[in-house]
Amino acid sequence: MSNTQTHHDVDVVVVGAGFAGLAMLRELRDERGMSVRVLEAGDDVGGVWYWNRYPGARCDVDSTDYSYTFSPELDEEWNWSERYATQPEILRYVHHVADRFDLRRDVTTGARVATATWDDDAARWDVTCEDGTTARGRYLVMATGCLSAVKRPQVEGIEDFTGQVLHTADWPREPVDLAGKRVGVIGTGSSGIQVIPRIAPEVEELVVFQRTPAFSVPAHHQVLSDAERAALKLSLPERREMLRNSPTGLSVPVTRRGALDDDDAARERHYEEQWHSAGFGFLLAYNDLLVSHEANRTASDFIRGKIAERVNDPALAEKLSPHTYPYGAKRPCVDTGYYETFNRENVTLVDIAEAPLTRATATTLETTDAAYDLDVIVFATGFDAMTGSLLKPTITGRDGVTLKEHWAGGPLTYLGLMTAGFPNMFIIAGPGSPSLLGNVMVSIEQHVDWVSALLVDSEAAGTPVVEATAEAEAEWVERVNAAAAPTLYMEAASYYLGAEIEGKPRVFMPYAGGLRRYRRECDEVARDGYRGFRRSPEPSTDLQPA
Ligand code: NA7
């Protein structure tokens, strides 16, 4: 659908119609009576769950904890069918929410934002989209997601490849038939680890190009019975309270035990028990896995031991075992039969750390060692994380300074919510906030509520121009760095650190102090009259030039 020439003059322009953008729309429109226009690049709502429709795509947070919490009626009527929802089910949920709360009427789809420019005289954001849609709003909310700017590595000659080239994060909407094909998958992060075991049984041959092995633990997918669903619903209030007060936003009990508090036998028993139930929560088996090398080594060794048990060929198991970074320092993965997939006759692992990819030809993908005949190449190479989608459009703040210029040395934010020099622009669950380090749904709702309260307060006080001060921003950036410094996060070339993109500033982007502490901090700032934010009245319209 083309939106050419459509203009929207509203209170709030929201960019992105994923979980965050839709929550912001509902909150500001239905709870605060503001006019909102959501601009969405995709042809439908859903954000990351709209684009990432590769076989095997699933959430690795429990469905119940990856749901909106604003409506008891919604909780009552929606029934998740599995412990971890599949992508189609999550997309159905998003559609249900969009329809039930009549959100679509304020969403323009197919509108990729090209520019957003602050007009200081009018105190308005002017937004333009590639399809010609324009919007003007007093506030701009960037709800663009941390994992949405797709990373497509340059492989020499890829344009000459005559087979199909796919990316997990931009999977075709129509079904892709891989049956009987020779398929190469590049990348072994969460997406690769989900797609590989899923397609292995149907393809003729699967070649996995691995640069860095991941740590993965069993997901323990499980279809929920009626009784389990009923019990989950009953426990919702308690569970939600736990999520809100937890450091991770996950419904995993916080342990006070460190890995070395247990003797070897007790620790082994505990890991074994966690291995058989925890899923993603395995990382929280002990409270020091991300701060102590010695503690981390016990978990890393345990997982490597399990890989050795799951893969028949010891040399192959060794290649699949990570040794170059601590467990958890990169986003850990959960899987269903990932390692066992390599026991199949039709699956080959190619270590491209040892023999790097060199080029593609019409029919092959080549490394320094060999050429692989393929019909399909699947990039599972992830994203330009956290800042990619914020820096793609040209966002221009005060005095003509662009966000790209302001963030040339890495993202600078106050509380992850605003950046100095960009008045009335908010970021949902972006850099400088816990975002990807916890359950992002909890982060999204916390930000939506907090921004909404700030807007109401500012409007009531007659000071609707809000801006983070440069001092507050500098102080917060220091806090973000200080929170990360003692952790093992600093020891992996991860997307948390900007290592996924060549030339990207190497700074630790999310706030590692935990969701609970972060929420407390945001609440205190609000209680202190929004300390660190400068607020001023809108310029009088009488003073506007004609
Ligand atoms: P990730 O986790 O960023 O994984 C990307 C994978 O692709 C990872 O194995 C990378 O290896 C590999 N990669 C990236 N670039 C290249 C190049 N140029 N050559 C070879 N291999 C490459 O993305 P996902 O989509 O799997 O998961 C993203 C999030 O989705 C995940 O964190 C969950 O939150 C859900 P590397 O480690 O960089 O050596």
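Residues numbered from 1 in each chain as written. Predicted model: local features only at pLDDT ≥ 70, side-chain atom pairs only at ≥ 80, totals over all residues. Heavy atoms only, no water.

On to the overall build of the chain, then. Assigned secondary structure in the chain consists of 16 helices and 20 strands. For 546 residues, the compact-globule estimate of 2.2 N^0.38 gives 24 Å, and the C-alpha radius of gyration of the chain, at 24 Å, lies within 12% of that figure. The dimensions of the chain, computed from C-alpha atoms along their principal axes, are 75 × 55 × 45 Å. Out of the 546 residues in the chain, the part that is buried amounts to 58%. If you take every contact in the chain between residues at least 6 apart in sequence, the share linking residues at least 24 apart comes to 72%. Here the chain has roughly 22400 Å² of accessible surface; of this, 49% comes from carbon and sulfur atoms. Where the 54 positive side-chain charges of the chain centre and where its 82 negative ones centre are 2 Å apart. (Helix = DSSP H or I, 4+ residues; strand = E, 2+ residues; numbered from the N terminus. Rg over C-alpha atoms; globule rule 2.2 N^0.38 Å. Buried < 20%, exposed > 50% of the residue type's maximum accessible area, 1.4 Å probe, protein only. Contact = heavy atoms within 4.5 Å. Areas by Shrake-Rupley, 256 points an atom, 1.4 Å probe, with all protein chains shown as cover. Lys, Arg positive; Asp, Glu negative; His and termini not counted. Charge placed at Lys NZ, Arg CZ, Asp CG, Glu CD.)

What follows deals with the site of the ligand. Around the ligand, the structure places 19 residues, and the nearest of them are Lys151, Ser191, Thr212, Lys330 and Tyr495. Between an oxygen atom of the ligand and a side-chain N or O atom of serine 191, the distance comes to 2.6 Å. In this structure, an oxygen atom belonging to the ligand sits 3.3 Å away from a main-chain N or O atom of alanine 380. Within the complex, the protein chains bury 82% of what would otherwise be the 780 Å² of accessible surface of the ligand. (Near = heavy atom within 4 Å. Polar contact = N/O pair within 3.5 Å; in protein donor to acceptor, adjacent residues only side chain to side chain.)

What follows covers unusual backbone geometry. Working note: non-glycine residues mostly have negative phi, and peptide bonds are mostly trans. The phi angle at histidine 220 is positive, at roughly 60°, despite the residue not being glycine. Looking at the element boundaries, histidine 220 is found in the loop between β10 (216-218) and α6 (226-234). A relative accessible area of 26% means that histidine 220 is categorised as partly exposed. The backbone of leucine 415 sits at a positive phi, close to 60°, despite the residue not being glycine. Looking at the element boundaries, leucine 415 is found in the loop between α13 (403-406) and β18 (425-427).

On the surface, a cluster of positive charge is contributed by Arg256, Arg516, Arg517 and Arg520. Within the secondary structure layout, arginine 516 lies in helix α16 (residues 515-527). (Patch = residues over 30% accessible without salt bridge, like charges linked within 9 Å, V, L, I, M, F, W, Y side chains within 5 Å. Salt bridge = Lys/Arg side-chain N within 4 Å of Asp/Glu carboxyl O.)

This next bit is on the nonpolar core. Phe19, Leu206, Leu415 and Phe533 are the most contacted members of the largest nonpolar core, which totals 128 residues. Beyond its immediate sequence surroundings of up to four residues, leucine 206 is in contact with Val183, Val185, Ile196, Ile199, Ala200, Asn346, Val347 and Thr348. Among the nonpolar cores identified, the runner-up in size contains 23 residues, and Val10, Leu39, Val113 and Trp125 belong to it. (Core = buried A, V, L, I, M, F, W, Y, C linked by side-chain atoms within 4.5 Å.)

Time to look at the pairing of strand β5 (residues 124-129). Bridge analysis of strand β4 (residues 113-119) against β5 gives six bridges, and the strand direction is antiparallel. Note on β5: the bridge partner recorded for threonine 117 is aspartate 126. Adjacent in sequence and paired antiparallel, β5 and strand β6 (residues 134-142) are bridged by four residues, among which glycine 132 carries a positive phi angle near 100°. (Pairing = 2+ DSSP bridges.)

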